[in-house]
Amino acid sequence: MPIEEYKTVENRTLFVSDLDGTLLRSDVSLSAYTCQTLQKLSERGLLFSYATARSLVTAKKVTRGLHAQMPLVVYNGAFIMDHLTEEVLLANYFDQTVGEVFTDLFAHGIWPIVYAYVDGVEKFSYIEEKCSRGMLDFICTRKGDPRANPVTDREALTAGRSFYITCIDTPQKLANFYEKYRDKYHAVYQKDIYSGEQWLEIMPKEATKSNAVLQLKKMLQCDRLVVFGDGKNDLDMFEIADESYAVENAAEELKRIATGIIGKNDADGVAKYLEARLAQQGRFF
């Protein structure tokens, strides 16, 4: 359904869920129950989207079976994209000052994965021989990805309009960079929920889930925002929502600021909550 059509829907509450650890099960899949329930509720008027650190490419893979129609927030808020046409509806790119970050990282032996549009094509670039073990393991999970762009020098690594930097290494190497750049950029420092590896992700300051979901809310002319999450990168989204619900397996700091706690991701917590909410209230707005 085009955005203009959503604006005519009587339901004025937008529901947005994180994916990994929240809507997705621990095996990185969506249950048939969640898919069927969200489809059924959408037909009853639910305005539902998701906000994820994933790209649209990998988000669509892991949500196969979920017939999302609404625009989606990807790359932790760097982009809002149309699920069907894959058009970028909102974009946040680094400005030229990011060159200083790259120089700093390289000088300390950190050669990140860099996401950028290169000659108008979305790519993630890396220098394989300089990658950490954790980075190589991650890249292996993206075999066959058309965005993969192995390069051989720093100029190629930093080419194009970059919007996302991923570092996977030891806390000893990454912690100081998080402290150094957390105020100037949107930086997320946390362990990956699947591999246990330490990640540092650096994005433009404006590239946050909170900014993106507020923009999506404005696009759809909704009055209220209800969100679901499990991790530290959901904190900003929780802080701006009218209601926020943490799954039972969520980080404690997220639970502390949540409106309520719902079932685990492995127990279809989000879908069951939405189903119960409709049964109790008879509507979603």
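I will try to describe carefully the structure that is included in this document. (Residues numbered from 1 in each chain as written. Predicted model: local features only at pLDDT ≥ 70, side-chain atom pairs only at ≥ 80, totals over all residues. Heavy atoms only, no water.)

**Here's the deal with the side chain of Asp104**
Argument step 1. Its place among the elements puts Asp104 in helix H5 (residues 98–107).
Argument step 2. Since its relative accessible area comes to 11%, Asp104 is described here as buried.
Argument step 3. If we skip the residues at most four places from it in the chain, Asp104 touches Phe177, Lys180 and Tyr181. (Helix = DSSP H or I, 4+ residues; strand = E, 2+ residues; numbered from the N terminus. Buried < 20%, exposed > 50% of the residue type's maximum accessible area, 1.4 Å probe, protein only. Contact = heavy atoms within 4.5 Å.)

**A short note on the sheet that holds strand S10 (residues 186–191)**
Argument step 1. Read across the open sheet, the 6 strands follow the order S8-S7-S6-S9-S11-S10; overall the sheet is mixed. The open sheet has two free edges, formed respectively by strand S8 (148–150) and S10, since each of these has just one partner strand. Taken over all neighbouring pairs, the strand axes of this sheet differ in orientation by 25° on average, direction set aside.
Argument step 2. Of the pairings in the sheet, the one linking strand S9 (residues 161–169) to strand S11 (residues 198–203) comprises 5 bridges and is antiparallel in character. Bridge pairing in S11 links Asp169 to Gln198.
Argument step 3. Where H5 meets the sheet, its contacts fall on strand S6 (113–118), S9 and S11, and the angle it forms with S9 comes to roughly 25°.
Argument step 4. On the sheet, helix H6 (residues 133–140) packs against S6, strand S7 (121–126), S9 and S11 and is oriented at approximately 45° with respect to S6. (Pairing = 2+ DSSP bridges. Axes fitted to C-alpha atoms, helices over the stretch in contact; angles between N-to-C directions.)

**Here we look at unusual backbone geometry**
Argument step 1. Phi angles above zero are rare outside glycine, and Gln221 is one such case at about 55°.
Argument step 2. Considering the arrangement of structural elements, one finds Gln221 in the loop between helix H9 (209–219) and strand S12 (224–229).
Argument step 3. The exposure class of Gln221 is partly exposed, given its relative accessible area of 44%.
Argument step 4. For Asp268, which is not glycine, the phi torsion reads 60° and is therefore positive.
Argument step 5. Along the polypeptide, Asp268 turns up in the loop between strand S14 (260–262) and helix H12 (269–281).

**With respect to the packing of H5 against helix H8 (residues 171–181)**
Argument step 1. Interaxial distance between H5 and H8 falls to 12 Å at its minimum, and their mutual angle equals 160°. Considered as vectors, H5 and H8 are oriented roughly antiparallel to each other. Note on packing geometry: the crossing formed by H5 with H8 is right-handed. For the pair H5 and H8, contact is made by Glu100, Val101, Asp104 and Leu105 and by Phe177, Lys180 and Tyr181, respectively.
Argument step 2. The residue inventory of the contact of H5 with H8, partitioned by class, reads 4 nonpolar, no polar and 3 charged. (Parallel < 35°, antiparallel > 145°, perpendicular 65-115°, else oblique. Left-handed = near helix turned anticlockwise from the far one by under 90°. Nonpolar A, V, L, I, M, F, W, Y, C, P; charged D, E, K, R; others polar.)

**As for the nonpolar core**
Argument step 1. Core analysis: the largest hydrophobic core is formed by 68 residues, its most contacted members being Leu14, Phe228 and Leu274.
Argument step 2. In this structure, Phe102, Trp111, Tyr178 and Ala187 belong to the second largest nonpolar core, which totals 23 residues. (Core = buried A, V, L, I, M, F, W, Y, C linked by side-chain atoms within 4.5 Å.)

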